[in-house]
Amino acid sequence: MTYKPGETRTWLLRLVIAFSFAQAAVSMARPAVSYRALALGADERAVGVIAGVYALLPLFAAVPLGRRTDHGRCAPLLPLGVVLISGGCALSGLANSLAAMAAWSGVMGLGHLCFVIGAQSIVARQSAPDEQDRNFGHFTIGASLGQLIGPVAAGALIGGPDMAGTSALALLVAAGGCAVALTSLWRIEFSRTRTGSRPAKGAARVPVHRILRTRGVPGGIFISLAVLSATDILTAYLPVVGEHRGIAPSVIGVLLSLRAAATIACRLVMTPLIDWLGRAVLISATCLLAAVLCAGIALPVPVRALGVMLVLLGFCLGVGQPLSMTTVVQAAPADARSTALALRLTGNRLGQVAAPASAGLVAGVVGTAAPFVMLGGLLLVAAGLGARGVREPDAARGDGRLWRRKTISASLGATARKTTSPHQKESP
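The shown structure was predicted, so the numbers you read here are calculated from the model rather than taken from an experiment.

K.L.:
Even after reading the chapter, I still don't get the side chain of Ser121, so can you show me in this structure?
P.N.:
Position of Ser121 among the secondary structure elements: in helix H5 (residues 98-126). We classify Ser121 as buried; its relative accessible area is 1%. Ser121 has contacts with Thr69, Cys74, Ser338 and Leu341, leaving out every residue within four places of it along the chain.

K.L.:
I would appreciate a short explanation of the packing of helix H12 (residues 279-297) against helix H13 (residues 303-331) in the present structure.
P.N.:
Each pair of packed helices can be summarised by the angle the axes make with each other and by the distance between the axes. Following both chains from N to C, one finds H12 and H13 inclined at 145°, their axes separated by 8 Å at the closest point. In the packing of H12 onto H13, the handedness of the crossing is left-handed. Facing H12, whose interface residues are Arg279, Leu282, Ile283, Thr286, Leu289, Ala290, Leu293, Cys294, Gly296 and Ile297, H13 presents Leu306, Met309, Leu310, Leu312, Leu313, Cys316, Leu317, Val319, Leu323, Thr326, Thr327 and Gln330. A breakdown of the residues in the contact of H12 with H13 according to their chemical character gives 16 nonpolar, 5 polar and 1 charged.

K.L.:
What is the right way to look at the environment of Val281 in this model?
P.N.:
Position of Val281 among the secondary structure elements: in helix H12. As a C-alpha pair, Val281 and Gly386 span 105 residues in sequence and 7.7 Å in three-dimensional space.

K.L.:
How do you make sense of empty space enclosed by the protein when you look at a structure like this?
P.N.:
To find leftover empty space, a probe the size of one water molecule is rolled over the atoms. In the structure shown here, the tally under the stated rule is 2 cavities of 30 Å³ or more. Lining the second largest cavity we find Arg67, Asp70, His71, Arg205, Val206, Asp335, Ala336 and Thr339. Tallied by class, residues from the lining of the second largest cavity come to 2 nonpolar, 2 polar and 4 charged.

K.L.:
Would you take a moment to explain the confidence of the model for the chain for this structure?
P.N.:
Regions with low pLDDT should not have their predicted coordinates read in detail. Of the residues in the chain, 82% have a pLDDT of 70 or more, and the chain-wide mean is 78. Across the chain, helix H4 (residues 77-94) holds the top mean pLDDT of 93, while helix H16 (residues 394-419) sits lowest at 45. This model gives residues 1-7 a pLDDT under 50, and the stretch forms 9 contacts once residues within four places in sequence are excluded. Low pLDDT, under 50, characterises residues 393-428; the stretch is placed with 33 contacts to residues that sit more than four places away or in other chains.

K.L.:
Where do I start with the packing of aromatic side chains in this structure?
P.N.:
In this description, an aromatic ring pair is defined by two values, namely the gap between the centres and the angle between the planes. Tallied over the entire structure, the rule returns 2 aromatic pairs. For the ring pair Phe19 and Phe115, a centre distance of 5.7 Å and an interplane angle of 20° mean the geometry is stacked. Of this pair, Phe19 sits in helix H1 (residues 7-39) while Phe115 is found in helix H5, placing the two residues 96 residues apart along the sequence. For Phe19, a relative accessible area of 5% corresponds to the buried category. Ring geometry for Phe19 versus Phe139: centroids 4.7 Å apart, planes at 10°, classification stacked. With Phe19 in helix H1 and Phe139 in helix H6 (residues 132-157), this pair connects stretches of sequence that are 120 residues apart. Just as Phe19 is buried, Phe139 falls in that class too. Taken together, the aromatic side chains of Phe19, Phe115 and Phe139 make up a single cluster linked through ring pairs.

Analysis parameters
Residues numbered from 1 in each chain as written. Predicted model: local features only at pLDDT ≥ 70, side-chain atom pairs only at ≥ 80, totals over all residues. Heavy atoms only, no water. Helix = DSSP H or I, 4+ residues; strand = E, 2+ residues; numbered from the N terminus. Buried < 20%, exposed > 50% of the residue type's maximum accessible area, 1.4 Å probe, protein only. Contact = heavy atoms within 4.5 Å. Axes fitted to C-alpha atoms, helices over the stretch in contact; angles between N-to-C directions. Left-handed = near helix turned anticlockwise from the far one by under 90°. Nonpolar A, V, L, I, M, F, W, Y, C, P; charged D, E, K, R; others polar. 1 Å grid on protein atoms, 1.4 Å probe; cavity = no way out; pocket = protein on both sides within 12 Å on 5 of 7 lines; lining within 4 Å. Points joined across faces, edges and corners; volume = space filled by probe spheres on them. pLDDT = per-residue confidence, 0-100. Phe/Tyr/Trp six-rings, centres within 6.5 Å; stacked < 30°, edge-to-face > 60°.

If you want it as C-alpha cells, here you go:
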C-alpha cells in the first residue's frame, strides 16, 4: 500500500479529531442514559447498575482485544468502536425498558474500549520512543475536548417536562455525532512501524502475569487509575460540595469547565515540561501537587480560591494519563504492548467502578468533603510510584534515532526496488 506524502504527517491530527467526536458522544450519552432511565421509572440503585454495566462489560474484553492487536492491525478496531458507540447510543434512545438500556450501555462501553485500544496501539506503533510522550499527550487532547463538549451539549438538549423525550433526543444526537468520526479514520494506519514492534505470526504470547511483573507496568497502571479516579470523583462530587456550601450549579459548571480547559493546556505544553524536568519528576511532582489540591478542596475556601485550585488541579491531572501510556508502552515487552495498554484500560475501568463506590461509602460515613481527602492519599501513592518506576525519555532517544534510521533505510530500499528494472540486477 502506498501513501501520499502528506498522509503520514496528518495521521495523529485525524486520530485526535476522531477521538474528540467519539469521546464527546460518550460524554453526552452517559448523563443522557441516566436521565432517560429515571424517566422510565428507575431508582438510584437501578441507575447505578446501568452506569456500572458500561464499565464492567469491557473488563472481560480488554485483554483479548489487546492480544489480537499485538498480533495484527490496530486500525480495524477504530471503525468497529465507532459503530458500537453509535449503535449503543441510538438504541439506548429507542429502548423502553431498563434491562435494554443496561445492555446498550454495555455495548457503548465496549465500543469505547475498542476505539481506545486501537487508537493507543496506533500511537505506540507509529511513534518513535522519543515521540511517544508528545504524541500521547496530543492524542489525549481529543479526550479532553470530548469531555468538555459532551456534557454541555447534553445539558443544552435535556430538560423540560418531557425528560424521556429530550434524553432520547440527546442520545440520538450523540449517535450521529459519533458517526462523524468515521470521516477521519480513512487509511489512518500506515507502514511506519518500529522494527520488532509486531511479533511474528505464531509467536508465543507473553503471559499476563509476566507483563504485570515488568518494572514500570504496575506503576503506570496505578498512576492512570489514580488520575482517572480523581477526575471522575471530582466531576461527581463537586456539585455535592457546592450544594452544601451554597455555590450555584452554574458556578460549579464553570469551575469544572476551567478544570477541563487547564487539562488541555497542560497537554499542549507537555513536551517542553518533559525536556525541562524529565518524565519521572514531572509525574511525581504533578501527582504530589494534585494530592495536596484534592485535600484542599475539603476545606471551606472561597469560590475564587476554589477556582484557582481547580485550574491547578486540572493542569496536574492532565499529565498522568498520557505519560502513564508511555510508561506502560516502554516498560512492557515489545510483543505485548497492546496487551499492556489493555491491562491499563482494565485498571481504569476497575477504578471507575470501585472509586465512586468507595467515595460514596466514605461520604456517607464521614461527610461530603472526605472523598477528596481519600483522593489525596491515592494520588500520594501514585507520586511515589512515579518516582520509582518511570523510565526517562532520555534513555529512549537513542532508540528513537535508530528507529528513524531503520525506517528511512527501509523506505529508500523499497523505493529502489520499485524503480529498478525487472531485467536489471541491483548492485551488490
